[in-house]
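Spelled out, the chains give:
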Amino acid sequence: MMIYKKIYKEIKDHETIVIARHIGVDPDALASQLALRDAILLTFPDKKVFAVGNGSTKFHYIGKPDKPSEYPDNALLIVLDTPDKKRIDGVLPDSFETVIKIDHHPFVDQLGKLELIDVKRSSTCEIILDFIENSKLKMDQGIAEKLYMGLVSDTDRFSFSTTTSKTFALVSNLLEKYEIDIVDLYKKLYMRPLQEVRLQGYISQNMTVTDNGLAYIKLTADIISKFRTDAGAAGNMVNSFNYIEEVLVWVTISEDLKNEILKINIRSRGPEVNCVAEKYNGGGHKFAAGARVTTMEEVDCLLEELDLITAKYIKENE
């Protein structure tokens, strides 16, 4: 692909490279970021390459971002897995002369000189894997494992519609080249502490389900504290309710007192939910999105809108 050649040239021509991704890090964002950093350093050992943004204790097995004190004005910025400026973690893109975006979300903001956006890809890790395979960037065992974990996580073990023959071909080639211990990696991705399992049970027992098939749970700081977990882990529970027959759209609302926000995670089996999330300081894919608000009044408005689009979807598909 010509776009790969252009991105590789920018990487080759810059001595300092900053790699960013979205706030509220997930395995795909973190793994693609660290894998690209490591691939560049493996190929060009003398370059300065920084992965920026907040880390995550939950995903410590993937690795940690860097904490650079500063970088030159002529540094290259590569933004991964992030469609809009407001959700970039750790840097301001307008302060960089050259910006490249690599993403699989629908377009929101123009960020820079080069933009590789492929909404048909399963994950940003899949794009980075394909980029490395089709450029002069090098890969090793650690990079391969990061990309595999990010890809598996963002496809929910290859169960989403964005998983294609291209996805399987790239993964097959990866497994042929490297001795990846799938059992160990899956254990890292999916092993959970007992308190999270108990919180999942609480959600099952206490979620509200509307007549239109919208399910939601409001997890206050007191509830989250009772189960000795945190807002991030509570929000991730949204992925545990994919297959409830009576539910089309499901939402977790998690109170984060530290950051004084309410984190909203939304999933869908039909209605397109990202358009609603975008109205509430969020965004994402058609069927998987998130938002961040500061009041329960905003939460209630968002839920009302989701219930309406769910009702509309049912009517249109009767």
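Everything in this summary refers to the structure shown in the same document. All values reported here derive from a predicted model rather than from experimental measurement.

Points about unusual backbone geometry
Positioned with a positive phi, aspartate 156 is a non-glycine residue whose angle comes to about 50°. With respect to the secondary-structure elements, aspartate 156 resides in the loop between helix H4 (141–154) and helix H5 (165–177). For aspartate 156, a relative accessible area of 18% corresponds to the buried category. The phi dihedral of glutamate 260 is positive, around 55°, even though this residue is not glycine. Summarising the element assignment, glutamate 260 is placed in the loop between strand E9 (249–256) and strand E10 (261–268).

Considerations on the pairing of strand E5 (residues 98–103)
When you tally the buried positions in E5, you get six out of six residues, the bulk of the element. Residues of E5 alternate between two faces, with Thr98, Ile100 and Ile102 on one and Val99, Lys101 and Asp103 on the opposite face, all of them buried. Pairing of strand E3 (residues 76–80) with E5 involves five bridges; the strand directions are parallel. Each residue of the ladder has a partner; that of leucine 80, found in E5, is isoleucine 102. Pairing of E5 with strand E6 (residues 114–117), which is carried by four bridges, proceeds in the parallel orientation. Bridge pairing links lysine 101 to glutamate 115 in E6.

Quick word on the pattern of salt bridges
Summed over the entire model, instances satisfying the criterion amount to 22 salt bridges. Among the ionic pairs, aspartate 84 bridges to lysine 86, the shortest N-O distance being 2.8 Å. Judged by its relative accessible area of 2%, aspartate 84 is buried. Lysine 86 gets classed as partly exposed once you look at its relative accessible area, which sits at 45%.

What to know about the sheet that holds strand E8 (residues 214–219)
Pairing in this open sheet of six strands is mixed, and the strands run E7-E8-E9-E10-E12-E11 from one edge to the other. Bordering the open sheet on either side are strand E7 (208–209) and strand E11 (283–284), each of which pairs with just one other strand. Examined bridge by bridge, E7 and E8 share two bridges and lie antiparallel to one another. Opposite threonine 208, over in E8, you have tyrosine 216 as the bridge partner.

Describing the state of the cysteines
Among covalent bonds in proteins, the disulfide is the one between the sulfur atoms of two cysteines. Taken as a whole and assessed by the stated rule, the structure comprises zero disulfides. In this model cysteine 275 remains outside any disulfide bridge; the closest cysteine sulfur is found in cysteine 301, 16 Å from its own. Judged by relative accessible area, cysteine 301 falls into the partly exposed class, the value being 39%.

Focus on the packing of aromatic side chains
Applying the stated criterion to the full structure yields eight aromatic pairs. Ring centres 5.9 Å apart and planes at 45° place the aromatic pair tyrosine 186 and tyrosine 190 in the tilted group. Of this pair, tyrosine 186 and tyrosine 190 both sit in helix H6 (residues 182–190), four residues apart, roughly one helical turn. The class of tyrosine 190 is partly exposed, set by a relative accessible area of 28%.

Overview of the environment of valine 79
Within the fold, valine 79 resides in strand E3. Look at valine 79 and you get buried, because its relative accessible area is 0%. Spatially, the C-alpha atom of valine 79 lies 7.4 Å from that of valine 99, the residues being 20 residues apart in sequence. Ignoring sequence-local partners within four residues, the contact set of valine 79 consists of Ala20, Ile88, Val99, Ile100, Lys101, Ile102 and Leu111.

Here's the deal with the environment of leucine 111
Mapped onto the elements of the fold, leucine 111 is located in the loop between E5 and E6. Leucine 111 gets classed as buried once you look at its relative accessible area, which sits at 8%. Taking the C-alpha atoms as reference points, leucine 111 and threonine 82, separated by 29 residues in sequence, lie 9.7 Å from one another. Those residues in contact with leucine 111 that lie beyond four places of it in its chain are Val79, Thr82, Asp84, Lys85, Ile88, Val99 and Lys101.

Observations regarding the packing of helix H1 (residues 2–13) against helix H3 (residues 124–133)
Where H1 contacts H3, the two axes come as close as 10 Å, and the packing angle between them is 80°. What the angle tells us is that H1 and H3 run roughly perpendicular. Across the interface between the two elements, Tyr4, Ile7, Tyr8 and Ile11 of H1 pack against Ile127, Asp130 and Phe131 of H3. For the contact of H1 with H3, the class distribution of residues is six nonpolar, no polar and one charged.

Describing the side chain of aspartate 130
The residue aspartate 130 is located in helix H3 in this model. Setting aside chain neighbours within four positions, we find aspartate 130 in contact with Met1, Tyr4, Arg121, Lys166 and Leu170.

Observations regarding H5
One turn of an α-helix holds 3.6 residues; hence residues three or four places apart share an orientation. Along its 13 residues, H5 runs 18 Å from first to last C-alpha, staying within 8% of the 18 Å computed at 1.5 Å per residue. Along H5, the positions that sit buried rather than exposed are Thr167, Leu170, Val171 and Leu174. Seen end-on, H5 carries its buried residues on one side only, within an arc spanning 95°. Seen from the buried face of H5, the exposed residues on the opposite side, beyond 90 degrees, are Ser165 and Glu176. Contacts made by the buried residues of H5 are with H3 and H4. Its side-chain oxygen 3.2 Å from the backbone nitrogen of lysine 166, threonine 164 forms the N-cap of H5.

Calculation criteria
- Throughout, residues of each chain are indexed from 1 in the direction in which the sequence is written.
- pLDDT decides what is reported in this predicted model: residues at 70 or higher carry local features, side-chain atom pairs at 80 or more are listed and counted, and totals for whole chains, interfaces and linings draw on all residues regardless.
- For the side-chain quantities, the full set of heavy atoms in the structure was used; hydrogens and water were omitted.
- By the criteria applied, helices consist of DSSP H or I runs no shorter than four residues and strands consist of E runs no shorter than two, each listed in order from the N terminus.
- Any residue under 20% of the maximum accessible area for its type is buried, any over 50% is exposed, and the rest in between are partly exposed; the area is computed with a 1.4 Å probe on protein chains only.
- When DSSP finds at least two bridges between two strands, those strands are taken to pair.
- Salt bridges are defined by distance alone: a side-chain nitrogen of Lys or Arg within 4 Å of a carboxyl oxygen of Asp or Glu.
- Disulfides are defined as pairs of cysteine sulfur atoms found within 2.5 Å of each other.
- Paired rings are identified among Phe, Tyr and Trp, the last through its six-membered ring, by centres lying within 6.5 Å, and are further divided according to the angle between planes into stacked (under 30 degrees), edge-to-face (over 60) and tilted (the rest).
- The contact criterion used throughout is that any non-hydrogen atoms of two residues lie within 4.5 Å.
- The angle between two axes is taken between their N-to-C directions and runs from 0 to 180 degrees, where each axis is a line fitted to C-alpha atoms and a helix contributes only its stretch in contact.
- Each angle receives one of four descriptions, namely roughly parallel if under 35 degrees, roughly antiparallel if over 145, roughly perpendicular if within 65 to 115, and oblique otherwise.
- In this classification, the charged set is Asp, Glu, Lys and Arg, the nonpolar set is Ala, Val, Leu, Ile, Met, Phe, Trp, Tyr, Cys and Pro, and all remaining amino acids, among them Gly, are polar.
- In a helix, the anticipated span is given by 1.5 Å times the number of residues less one.
- In this description, the arc belongs to the directions extending from the helix axis to the C-beta atoms.
- We define a polar contact as two N or O atoms separated by no more than 3.5 Å, with the added condition that, inside protein, one atom must be a possible hydrogen donor and the other a possible acceptor, whereas residues neighbouring each other in sequence contribute only through side-chain atom pairs.

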